[in-house]
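# Topology and contacts: notes
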Amino acid sequence: MAKKLNIIVLGIRGFPCVMGGVEKHCEELYPRLVKLGCDITVITRTSYIPRKKRVDSWKKVRFIHLWAIRQKHLETILHTFLGVIIASLKTPDILHIHAIGPSIWVLLAKLLGLKVIVTHHGPDYQRQKGGKIAVVLLRLGEFVSIKFADKVIVISKQIKKMLTNKYNRKDLEFIPNGVNLPERILTADILKKYDLKSRKYIFTACRFVPEKGLHDLIAAYKKLENPEFKLVIAGDADHESQYSREIKKTAKEIEGIILTGFFTGKHLQELYSNAGLFVLPSYYEGLPIALLEALSYNLSVLVSDIPQNREITLPDYRYFEPGDINELVVKIGKLLKSDIGAEEKGFYKKLLEKQYNWDKIAQQTLKVYNKII
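All residue numbers refer to positions counted from 1 along the written sequence of the respective chain. Only residues with pLDDT of at least 70 are given local features in this predicted model, and only at 80 or more are side-chain atom pairs given and counted; all residues enter the totals for whole chains, interfaces and linings. No hydrogens and no water enter the side-chain calculation; it runs on all heavy atoms of the structure.

The next point concerns the overall build of the protein chain. Each helix is a run of DSSP H or I of at least 4 residues and each strand a run of E of at least 2, with the numbering of both proceeding from the N terminus. Looking only at helices and strands, the protein chain has 14 helices and 14 strands in total. For this measure, only C-alpha atoms enter the radius of gyration; the expected value for a globule follows 2.2 Å times N^0.38, where N is the number of residues. For the protein chain, the C-alpha radius of gyration of 21 Å lies close to 21 Å, the compact-globule estimate for 373 residues. Each principal axis of the C-alpha atoms in the protein chain carries an extent, and together these give about 60 × 45 × 45 Å. Think of it in three bands: residues with accessible area under 20% of the maximum for their type are buried, residues over 50% are exposed, and the middle band is partly exposed, with areas taken using a 1.4 Å probe on protein chains only. Put simply, the protein chain has 373 residues, and 56% of those count as buried. By definition in these notes, contact holds between two residues if any of their heavy atoms fall within 4.5 Å. A sequence separation of at least 24 residues applies to 67% of the contacts in the protein chain between residues at least 6 apart. For the protein chain, the exposed area adds up to about 17,300 Å²; of that, 54% sits on carbon and sulfur atoms. A distance of 5 Å separates the average location of the 59 positive side-chain charges in the protein chain from that of its 39 negative side-chain charges. Per-residue accessibility takes into account occlusion by the displayed protein chains alone, with areas from the Shrake-Rupley method and a 1.4 Å probe. In this tally, Lys and Arg are treated as positive and Asp and Glu as negative; His is ignored, and so are the chain termini. Where a charge lies is defined by one atom per residue type, namely NZ (Lys), CZ (Arg), CG (Asp) and CD (Glu).

Laid out in structure tokens, this is it:
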């Protein structure tokens, strides 16, 4: 019987039910890798896992709950440094680091004798209002990961093309985010709580950060002449900021806007199941899991025209120029009056099953692991 691959995972806050696209990615991926015969240990950040919810394992994925300071600029760099030291003492077959911020310690991990795989979830230094020091550290993390990691996984073709041109590394592995194909939730607990009617609200789910474009969506909703449709925003901020406070303040002042906070599980499924239109007004994405989830529920969608959103093939009328409030208003108005057709639904189902299937993604990831063992 072949020896199990021993993998330590670092760079994420933790899971299950922790806000963040990278966290969602890992929550879906690692239980599947356990089923494929891997021994997985995830190093979490205690500031995101309440003491009462800290468990030793979940779906046979083991956890090391490691202290992390809840401070925007120091949290990732300090936690990952400590995590690399712990990983070196555990001597896994592979240390798998997620995102370019934590990847600043890839060279240290290599010097400590570890084999390292990095998943590049996007050039985070392109985010709005990142701060000069943060941008420098993120760029350094990207450079170190591309130059020194044994293997680099990228979640989008756009990222692969950009990194290949920038660093001339030819062995980058493209493995995208995935999505589950759900059954529509017919219960109405959340709808009753917020006085919502099925198919009578616009929906989005994201973190409250500038690059997600929530300010544009709120401004567009305010201009809409269609008061029967409400705007439901699920999500929150990782770290409260001036931007997140302004979003919450503005939303409360406009009738018809509902902030639910961060949701997962059945409540989130119910909101997806009953939405009339899903809007993603981002200026920046890696590969948006929220959009994949909206398509998995056969929702009518409207998204910003950025390369990462274009990678998920949609008709042209489902894109708008990021930041163009007037175009956003016009296209929301049109799409609220029409429903997604059977042909489009069938196309999305085949697309998601073929390209964004978590089981296939787990198998692809295992192949990358085996390449460096």
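After presenting the structure, the write-up continues.
Each cavity reported here is a set of points on a 1 Å grid over the protein atoms alone in which a 1.4 Å probe fits but cannot get out, each pocket an open set with protein on both sides within 12 Å along at least five of seven lines, and each lining residue one with an atom within 4 Å of a point. Grid points are joined across faces, edges and corners, and a volume is the space filled by probe spheres set on the points. As a volume, the second largest pocket reaches approximately 360 Å³. In terms of residue class, the lining of the second largest pocket is made up of twelve nonpolar, one polar and three charged. Think of it as three bins: nonpolar holds Ala, Val, Leu, Ile, Met, Phe, Trp, Tyr, Cys and Pro, charged holds Asp, Glu, Lys and Arg, and polar takes everything else, Gly as well.

To continue, consider empty space enclosed by the protein. For the structure shown, the criterion picks out one cavity of 30 Å³ or more. What the largest cavity holds in volume is close to 40 Å³. Secondary-structure elements contributing two or more residues to the lining of the largest cavity are helix H1 (21-35), strand S5 (94-98) and helix H14 (358-371). Its residues assigned to classes, the lining of the largest cavity comprises four nonpolar, five polar and no charged.

What follows concerns the sheet that holds S5. Strand pairing in a sheet takes place through backbone hydrogen bonds and is either antiparallel or parallel in direction. Being paired, for any two strands, means DSSP has found at least two bridges between them. A sheet is described by the order of its strands in space; here eight strands give the open sequence S3-S4-S2-S1-S5-S6-S7-S8, paired in mixed fashion. Edge positions in the open sheet fall to strand S3 (57-58) and strand S8 (173-174), since each of these has one partner strand only. Of the strand pairs in this sheet, strand S1 (residues 5-10) and S5 are connected by four bridges, and their pairing is parallel. The residue bridging Leu-10 from the neighbouring strand is Ile-97, located in S5. Every axis in this analysis is a line fitted to C-alpha atoms, fitted for helices over the stretch in contact. Angles between the N-to-C directions lie between 0 and 180 degrees. Across the sheet, helix H5 (residues 157-167) lies against strand S6 (116-120), strand S7 (151-154) and S8, angled at about 135 degrees from S7, the strand it touches most.

Attention now goes to the packing of aromatic side chains. Two rings from Phe, Tyr or Trp (for Trp, the six-membered ring) form a pair when their centres sit within 6.5 Å of each other. Planes less than 30 degrees apart are called stacked, planes more than 60 degrees apart edge-to-face, and all others tilted. The full count for this structure, using the stated rule, is nine aromatic pairs. Here Phe-203 and Tyr-272 contribute two aromatic rings whose centre-to-centre distance is 5.1 Å and whose plane-to-plane angle is 90 degrees, an arrangement assigned as edge-to-face. Here Phe-203 is found in strand S9 (residues 201-205), whereas its partner Tyr-272 is found in helix H9 (residues 265-274), with 69 residues between them in sequence. The pair Phe-203 / Tyr-272 is uniform in exposure class, with both members buried. Counting every residue linked through ring pairs, the aromatic cluster contains Phe-203, Tyr-272, Phe-278 and Tyr-297. Sitting above the plane of the Tyr-48 ring, Arg-70 keeps its charged end 4.1 Å from the centroid. Lysine and arginine charges are scored as sitting over a ring when NZ or CZ, respectively, is within 6 Å of the ring centre and within 35 degrees of the ring normal. For the cation-ring pair, Arg-139 lies above Tyr-125, with the distance from its terminal atom to the ring centre recorded as 4.2 Å.

Any functional reading would require information that these geometric values do not contain.
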